[in-house]
Amino acid sequence: MILTGISPGAERKIHASWPIVTGELFDKAKFEELLTKLQTHQEQVFGELPVHYDNVGHWLQTDPSKGTVDVLLDFK
């Protein structure tokens with residue numbers, strides 16, 4: 001996962017909120033739930049931590065040969 005446009009503290013909060021355990025199958029519905037929280041209910045992810053962004057760009061890159069999904073979240 002690559003995160004851009006946020007502080008290290010905010011990065012830690014996102015990693016703590018990440019709904020998919022390492023090694024578990026990627027669940028796009030869980031990912032989209034997190035995106036919804038980031039776009040409409042920031043406090044559910046960041047709590048009292050002050051964050052400032054207008055939108056979250058996102059990109060997924062799958063690699064079937066490795067069985068992985070790379071995730072980019074870009075906070076603007």
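A short tour of the structure in this document, coming up.

The rules behind these values
- Residues numbered from 1 in each chain as written.
- Predicted model: local features only at pLDDT ≥ 70, side-chain atom pairs only at ≥ 80, totals over all residues.
- Heavy atoms only, no water.
- Pairing = 2+ DSSP bridges.
- Helix = DSSP H or I, 4+ residues; strand = E, 2+ residues; numbered from the N terminus.
- Phe/Tyr/Trp six-rings, centres within 6.5 Å; stacked < 30°, edge-to-face > 60°.
- Buried < 20%, exposed > 50% of the residue type's maximum accessible area, 1.4 Å probe, protein only.

### What about the pairing of strand E2 (residues 56-63)?
Pairing analysis gives eight bridges linking E2 to strand E3 (residues 68-75), with the strands arranged antiparallel. When the bridges of E3 are listed, Asp63 appears paired with Thr68. Here E2 folds back onto E3 in antiparallel fashion, the turn holding four residues, of which Gly67 has a positive phi close to 70°.

### Things to note about the packing of aromatic side chains
Applying the stated criterion across every chain, the model contains four aromatic pairs. Taking 5.9 Å as the distance between ring centres and 45° as the angle between the ring planes, the aromatic pair formed by Phe26 and Phe31 counts as tilted. Between Phe46 and Tyr53 the ring centres are 6.3 Å apart and the planes differ by 70°, which places this aromatic pair in the edge-to-face class. Given a relative accessible area of 11%, Tyr53 falls into the buried group. In this structure an aromatic cluster arises from ring pairing among Trp18, Phe26 and Phe31.

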